[in-house]
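# Survey of secondary and tertiary structure
Residues per chain, in single letters:
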Amino acid sequence: MGGAVEAFFLGLGQRGRADLPPRIRGSIRVDLVDGGHTDHWYVDMTAEDAVVVTREAKPADTVMTTTHELFERLIRGDTPLIAALFRNEATSAGDPRLVLTFRRFFPAPSGTLDPREVARRQALHGPVWRERLRKTAPVTPG
């Protein structure tokens, strides 16, 4: 197994719940399957201020299954998790809210921009327009 995967999971404990919504709590087990071998990572997100990660294969609220290779692409930000699920490259069973929550730990794909910033850049009524409007607005006597 790649060191990047292990570093990712060990880093979750250090990051804690800062990236997670406060009301979502539960556990997710990530099964990384290659050939006949499966590595298990159990991520407990039930504590108020911590995320606990172990290598146990115990039952979880949600189980996500994928390959090591795909998981490494997820943690590099090369592939979005939802796209991998839609393409059936990864599967999940259990509470779907936990998968959506877990994906917050992955970086955004490279080149991804905040949609609000894109809209600001493309809007015809940006800062230049507002300045022109301010200069041409009639002054009302008061």
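Look up: the structure comes first, before these words.
The structure reproduced in this document is the subject of the present report. (Residues numbered from 1 in each chain as written. Predicted model: local features only at pLDDT ≥ 70, side-chain atom pairs only at ≥ 80, totals over all residues. Heavy atoms only, no water.)

## Notes on helix H1 (residues 3–15)
Definition in use: Under the DSSP-based scheme used, a helix requires at least four consecutive residues in state H or I and a strand at least two consecutive residues in state E, with every element numbered from the N terminus. Expected helix span is given by 1.5 Å per residue-to-residue step, counting one fewer step than there are residues. Relative accessibility decides the category of a residue: with a 1.4 Å probe and only protein chains considered, values under 20% of the type maximum give buried, values over 50% give exposed, and everything between is partly exposed. Starting at the helix axis, one direction is taken to each C-beta atom, and the arc is that of these directions. Residues count as neighbours in contact if any of their non-hydrogen atoms are within 4.5 Å of one another.
The terminal C-alpha atoms of H1 lie 18 Å apart, and with 13 residues this matches the ideal 18 Å at 1.5 Å per residue to within 8%. Along H1, the positions that sit buried rather than exposed are Val5, Phe8, Phe9, Gly11 and Leu12. The buried residues of H1 all sit within an arc of 160° when viewed along its axis, so they share a single face. Every exposed residue of H1 that faces more than 90 degrees away from the buried side is listed here: Gly3, Leu10 and Gln14. In the core, the buried residues of H1 are packed alongside strand E1 (27–34), strand E2 (37–44), strand E3 (52–54), helix H2 (68–76) and helix H4 (96–102). Of the residues trailing H1, glycine 16 is marked for its positive phi of about 70°.

## Thoughts on the packing of aromatic side chains
The geometry of an aromatic ring pair is captured by two quantities: the separation of the ring centres and the angle between the planes. We count it as follows: Pairing of aromatic rings covers Phe, Tyr and Trp, the last counted by its six-membered ring, and requires centre-to-centre distances within 6.5 Å; plane angles under 30 degrees mean stacked, over 60 mean edge-to-face, and any other angle means tilted.
Going through the model one piece at a time under the given rule, you end up with nine aromatic pairs. With a centroid separation of 5.6 Å and 75° between ring planes, the pair formed by phenylalanine 71 and phenylalanine 106 is classed as edge-to-face. Pair noted here: phenylalanine 71 is in helix H2 and phenylalanine 106 is in the loop between H4 and helix H5 (115–122), with a separation of 35 residues, a long-range link. Summarising the burial analysis for this pair, phenylalanine 71 and phenylalanine 106 share the class buried. Seen in terms of ring centroids, phenylalanine 102 and phenylalanine 105 are 5.7 Å apart; in terms of plane orientation they differ by 70°. Their pairing is edge-to-face.

None of this, on its own, says anything about what the molecule does.
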